[in-house]
Amino acid sequence: MALEKGLKIAISGKGGVGKTTLAALLCYLYSREGKKVLAVDADPDANLGMALGFSVEELQLATTIADDRKLIKERTGAEPGTPGALFNLNPRVDDIPKKYVIEKDGIKLLQLGQSSSGGSGCYCPENTFIKTLLNHLVVGENDTVIVDMEAGLEHMSRGTARGVDVFIIVVEPGQRSFQTAKATMKLARDLGVKNIFAVINKVRPEIENIVLEALDFLPILGVLPFDEEVINADLTGKTILNTNNKLLHPGIKIKKNLEQYL
Ligand SMILES: Nc1ncnc2c1ncn2[C@@H]1O[C@H](COP(=O)(O)OP(=O)(O)OP(=O)(O)O)[C@@H](O)[C@H]1O
Ligand SMILES: [Mg+2]
């Protein structure tokens, strides 16, 4: 179908299920068809850049939002790491993509980064930033924004949910992941997200049907197979997009299904 405006897709799910893998795959597929892709790594433990094939050196050159205390203060009215600070209602984010993105093969990457206060710090200003960015960013029909979210639900807010068109929950075969998917779906619905889907990852053929049945509470966009090559690519620091084709066709199917649903 022809979309009048571009899509903003958020990818969520339990830790380690394959959010970054799916995010990278979709970035690649949208970019391949000529869309301008903005990949947003909203995980403080950032690794979407590596999955997209950026080198360590290229990634080191990038300024993350969390790195830039002055920017984040100006734009959100709060010091990073200050819980409960008051934010301005309308931080200006219009120029952020130009200043804070690095680009490779037509994919632009924006990283929220890790707050320098470490694990103890509040990630609230960064989350406010992403919320504002998603709500204010003008996404034309030739643009696609793909957000690789942090695992877990604590950071989810109405503002973040309102800013995205599609919410994909990645699920791996396992009861714990199914439960997280259910909880995430409920929260996303409560927060007002309309298009909530699942993608099942790391699936072996013999268990595919069991998994599909267990997930009857969510529309499923598709299934990605378990593939040793994905692990090998991660081990050797390579992008799955160059080393692996087994995810490509299922990925194309997932994208097609998504477009049919919308
Ligand atoms: N289809 C697959 N087959 C085999 N291994 C996979 C598959 N998808 C992902 N993996 C592996 O599982 C691990 C986690 O994947 P990934 O980083 O994409 O998950 P994540 O949900 O983004 O994790 P995190 O919560 O840490 O951000 C990686 O080592 C990755 O290589
Ligand atoms: Mg990840």
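Because the structure is predicted, anything quoted here is derived from the model rather than measured.

(A) Geometry of the overall build of the protein chain. Of regular secondary structure, the protein chain possesses 12 helices and eight strands. Every one of the 262 residues in the protein chain was classed for burial, and the buried ones make up 46%. Considering only intrachain contacts with a sequence separation of at least 6, the fraction spanning at least 24 residues in the protein chain is 74%.

(B) Inspection of the site of ligand 1 at higher detail. Around ligand 1 sit 18 residues, and of these Gly18, Lys19, Thr20, Thr21 and Asp234 come closest. Of all elements in the fold, only helix H1 (19-32), strand E7 (195-203) and helix H10 (228-235) reach the threshold of two or more residues within the shell around ligand 1. Classifying every residue of the shell around ligand 1 by side-chain character gives six nonpolar, seven polar and five charged.

(C) Main features of the packing of H1 against helix H12 (residues 248-261). Remark: H1 packs on H12, axes separated minimally by 10 Å, with the N-to-C direction vectors making an angle of 75°. Here H12 runs roughly perpendicular to H1, going by the angle between their axes. Across the interface between the two elements, Leu25, Leu26 and Leu29 of H1 pack against Gly251, Ile252 and Lys255 of H12. Split into classes, the residues belonging to the contact of H1 with H12 amount to four nonpolar, one polar and one charged.

(D) Spotlight on the environment of Gly113. Here Gly113 is to be found in the loop between strand E4 (107-111) and helix H6 (124-136). Take Gly113: there are 23 C-beta atoms within 10 Å of it, and that puts it in the buried class. For the pair Gly113 and Ala62, spaced 51 residues apart in sequence, the C-alpha to C-alpha distance is 9.9 Å. Those residues in contact with Gly113 that lie beyond four places of it in its chain are Pro44, Ala46, Thr64, Ile65, Ala66 and Asp67.

(E) Molecular detail of the pairing of strand E5 (residues 143-148). The buried count for E5 comes to five of six residues, which makes it a mostly enclosed element. Across five bridges, strand E1 (residues 7-13) lies against E5 in parallel orientation. Bridge pairing links Ile11 to Asp148 in E5.

(F) Expanded view of the nonpolar core. Core analysis: the largest hydrophobic core is formed by 70 residues, its most contacted members being Ile9, Ile11, Ala24, Cys27, Ala39, Ile146 and Val147. Broken down by element, this core gets its largest block of residues, nine residues, from H1. Apart from the residues within four sequence positions on either side, Ile146 is in contact with Ile9, Ile11, Ala23, Leu26, Cys27, Val37, Ala39 and Val40.

(G) Main features of H12. When the terminal C-alpha atoms of H12 are compared, their 20 Å separation across 14 residues agrees well with the 20 Å that a helix rising 1.5 Å per residue should span. Regarding H12, the residues found buried are Pro250, Gly251, Ile254 and Leu258. The buried side chains of H12 occupy one side of the element, clustering within an arc of 105° when seen end-on. Those residues of H12 that are exposed and angled more than 90 degrees off the buried face are His249 and Gln260. At its buried positions, H12 is contacted by H1, strand E6 (166-171), E7 and strand E8 (220-225).

(H) Expanded view of unusual backbone geometry. In this model, Asp105 sits at a positive phi of 45°, which is unusual for a non-glycine residue. Here Asp105 is to be found in the loop between strand E3 (101-104) and E4. On the basis of neighbour counts, which here come to 14 C-beta atoms within 10 Å, the residue Asp105 falls in the partly exposed class. Within the chain, Lys202 stands out as a residue other than glycine whose phi angle is a positive 60°. When you line up the elements, Lys202 lands in strand E7. We classify Lys202 as buried; it has 23 C-beta atoms within 10 Å.

How each quantity is defined
- Residues numbered from 1 in each chain as written.
- Chains lettered and ligands numbered in written order.
- Predicted model: local features only at pLDDT ≥ 70, side-chain atom pairs only at ≥ 80, totals over all residues.
- Helix = DSSP H or I, 4+ residues; strand = E, 2+ residues; numbered from the N terminus.
- Buried ≥ 20, exposed ≤ 12 C-beta atoms within 10 Å, placed from the backbone.
- Contact = placed C-beta atoms within 7 Å.
- Near = placed C-beta within 6 Å.
- Nonpolar A, V, L, I, M, F, W, Y, C, P; charged D, E, K, R; others polar.
- Axes fitted to C-alpha atoms, helices over the stretch in contact; angles between N-to-C directions.
- Parallel < 35°, antiparallel > 145°, perpendicular 65-115°, else oblique.
- Pairing = 2+ DSSP bridges.
- Core = buried A, V, L, I, M, F, W, Y, C linked by C-beta atoms within 7 Å.
- Expected span 1.5 Å × (residues − 1).
- Arc of directions from axis to C-beta.

Limitation: the analysis is restricted to geometry and does not speak to function.
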